[in-house]
Amino acid sequence: MFFALCLVSMLAYSLQGTLMAGLYRRLDSQEAITVRGLCLALVMLPLLAFVPAEAFVRLPHYAGTIVLAAGLAALGAWCNARAFRFLPVGLTIAFMTTFNTLLICLWGFLAFHEALNWVQGLVIAAILSCVIGLGLSRSQVALGRVAHPHKGLLLCLIYGLCISLAFTLLSYVARQLNPFLAAYCWETLIGLISFAITVVRKTIARRPVFSISRRDSATILLFCSPTLIGTGAYMLAVTLGPVSIVAAVNTAVIVVSTILARLFFKEKAALLQWTLLLLICALLVALNLAS
């Protein structure tokens, strides 16, 4: 059940990320993040039907932690969007995934005393090596030809730090309060914080707060819908097993994203990339057996 939830979360996040990628490229990224967050407040409402009444009573005790996690996620989302300006897409995804996974393993050990055995550690290291290799092979631009790669790496590191802390804090709330209530409040607050940032930024620039059309807003609502399953499954998984294993399985997002990019955007994959994809899948099976 635990590993199945990890896989479901990873698949849902992969679908959502691939669908939203085209919109992020075409629209104002901060504004798109805001609309996505506000749409999720509607999309994820069904999760609240599975929350017991006593969890709502105890929610104020964890409100500060959830707000902090949402603020970290909003900052991480900004670093995510900016990093693509300084690094090739494949490398950006690979570095952000690697930093996030390594830091979650560290926070899981420090916060929850979740220690990996040596087999799990080796398998996760092998997965991350394949992810970086896949990122390098997917990059259309050589790293040496990028103007400011150090800025991109710094943004990827800040992203990993923010997102890993956000998910660790949220994992604590999910275990102490309720996974579905924690997931809903977190995603909704990310939207509200992003909205506040957008209002300030557009007010300073003296531009309309929202320039995204109703049609694009409806598309965002549709494309972000898999997050309902992704975040819900993730939060439920961390109540059943180690956060480091959940994060490691989610590194396979780059695998599914590569396959979906071929289906949706006709992006071709080379033989080396297919080899790495299959190897990552095999390593995920090994991680399941070692857990």
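Source: prediction; values computed, not measured.

Definitions and limits used
- Residues numbered from 1 in each chain as written.
- Predicted model: local features only at pLDDT ≥ 70, side-chain atom pairs only at ≥ 80, totals over all residues.
- Heavy atoms only, no water.
- Core = buried A, V, L, I, M, F, W, Y, C linked by side-chain atoms within 4.5 Å.
- Buried < 20%, exposed > 50% of the residue type's maximum accessible area, 1.4 Å probe, protein only.
- Helix = DSSP H or I, 4+ residues; strand = E, 2+ residues; numbered from the N terminus.
- Contact = heavy atoms within 4.5 Å.
- Expected span 1.5 Å × (residues − 1).
- pLDDT = per-residue confidence, 0-100.
- Patch = residues over 30% accessible without salt bridge, like charges linked within 9 Å, V, L, I, M, F, W, Y side chains within 5 Å.
- Areas by Shrake-Rupley, 256 points an atom, 1.4 Å probe, with all protein chains shown as cover.
- Salt bridge = Lys/Arg side-chain N within 4 Å of Asp/Glu carboxyl O.
- Axes fitted to C-alpha atoms, helices over the stretch in contact; angles between N-to-C directions.
- Parallel < 35°, antiparallel > 145°, perpendicular 65-115°, else oblique.
- Left-handed = near helix turned anticlockwise from the far one by under 90°.
- Nonpolar A, V, L, I, M, F, W, Y, C, P; charged D, E, K, R; others polar.
- Phe/Tyr/Trp six-rings, centres within 6.5 Å; stacked < 30°, edge-to-face > 60°.
- Lys NZ or Arg CZ within 6 Å of the ring centre and 35° of its normal.

## Let's talk about the nonpolar core
- With 87 residues, the main nonpolar core has Ile 127, Phe 167, Trp 186, Ile 220, Tyr 234, Ile 280 and Leu 287 as its most contacted residues.
- The dominant element in this core, judged by the number of residues it contributes, is helix H7 (residues 149-176), at 10 residues.
- Setting aside residues up to four positions removed in sequence, Ile 280 forms contacts with Ile 127, Cys 130, Val 131, Leu 134 and Val 255.

## Examining helix H4 (residues 63-83)
- In this model, H4 (21 residues) spans 30 Å end to end at C-alpha, consistent with the 30 Å of a helix rising 1.5 Å per residue.
- Every buried residue of H4 is accounted for by Ile 66, Ala 69, Ala 70, Leu 72, Ala 73, Ala 74, Gly 76, Ala 77, Cys 79 and Ala 83.

## Quick notes on the confidence of the model for the chain
- Overall, the predicted model of the chain reaches an average pLDDT of 82, with 89% of residues at or above 70.
- Confidence, read as mean pLDDT per element, is least for helix H12 (residues 253-265) in the chain (71) and greatest for helix H3 (residues 53-58) (94).

## Considering the environment of Cys 185
- Mapped onto the elements of the fold, Cys 185 is located in helix H8 (residues 179-205).
- Taking the relative accessible area as the measure of exposure, Cys 185 reaches 14% and is therefore buried.
- Between the C-alpha atoms of Cys 185 and Leu 59, which are 126 residues apart in sequence, the distance is 9.6 Å.
- In contact with Cys 185, not counting residues within four places along its chain, are Leu 59 and Ile 66.

## Some details on a nonpolar patch on the surface
- A cluster of nonpolar residues, Leu 75, Trp 78, Leu 154, Leu 157 and Ile 158, forms a patch on the protein surface that exposes about 440 Å² of accessible area.
- Counting only elements with at least two residues in the nonpolar patch, the list comes to H4 and H7.
- Of the residues forming the nonpolar patch, the biggest block, three residues, is contributed by H7.
- Within the secondary structure, Leu 75 sits in helix H4.

## Focus on the pattern of salt bridges
- Inspection of every chain in the model, using the stated rule, returns two salt bridges.
- A salt bridge links Lys 202 to Glu 31; the nearest nitrogen and oxygen atoms lie 2.7 Å apart. Placement of Lys 202 in helix H8 and of Glu 31 in helix H2 (residues 29-43) is noted, with a sequence separation of 171 residues between them. The two residues Lys 202 and Glu 31 agree in class, both being buried.
- With a shortest N-O distance of 3.9 Å, Glu 187 and Arg 36 are connected by a salt bridge. Of the two residues, Glu 187 sits in helix H8 while Arg 36 sits in helix H2, which places them 151 residues apart along the sequence. Like Arg 36, Glu 187 is buried.

## What to know about the packing of H8 against helix H10 (residues 227-237)
- It is the contact of H8 with H10, at a shortest axis distance of 8 Å, that shows an interaxial angle of 130°. Compared by their axis directions, H8 and H10 come out oblique. In this structure, the crossing between H8 and H10 has a hand that is right-handed. Here Pro 179, Phe 180, Ala 183, Trp 186 and Glu 187 of H8 lie close against H10, whose contacting residues are Thr 227, Thr 231, Gly 232, Met 235 and Leu 236.
- Across the contact of H8 with H10, the residue classes break down as six nonpolar, three polar and one charged.

## What to know about the packing of aromatic side chains
- Evaluation of the coordinates by the stated rule reveals six aromatic pairs.
- Taking 4.6 Å as the distance between ring centres and 40° as the angle between the ring planes, the aromatic pair formed by Phe 167 and Tyr 234 counts as tilted. Here Phe 167 is found in helix H7, whereas its partner Tyr 234 is found in helix H10, with 67 residues between them in sequence.
- Here the aromatic residues Phe 167, Trp 186 and Tyr 234 are joined through ring pairs into a cluster of three or more.
- Here the guanidinium or amino end of Arg 175 rests over the ring plane of Phe 112, the centre of that ring lying 4.4 Å away.

## Section: the packing of H4 against H8
- Relative orientation of the contacting elements H4 and H8 amounts to 55°, with a least axis distance of 8 Å. Classed by the angle they form, the pair H4 and H8 counts as oblique. Every pair of crossing elements has a handedness; the one defined by H4 and H8 is right-handed. When H4 is examined against H8, the residues Ile 66, Val 67, Ala 69, Ala 70, Gly 71, Ala 73 and Ala 74 are found in contact with a partner set consisting of Cys 185, Trp 186, Leu 189, Ile 190, Ile 193 and Ser 194.
- The residue inventory of the contact of H4 with H8, partitioned by class, reads 11 nonpolar, two polar and no charged.

## Some thoughts on H8
- Look at H8: 39 Å from first C-alpha to last across 27 residues, which is about the 39 Å you get at 1.5 Å a residue.
- One or two residues past the end of H8 sits Arg 206, with phi positive at roughly 55°.

## What about the environment of Ile 254?
- Looking at the element boundaries, Ile 254 is found in helix H12.
- Along the backbone, Ile 254 and Thr 97 are 157 residues apart, and their C-alpha atoms lie at a distance of 8.5 Å.

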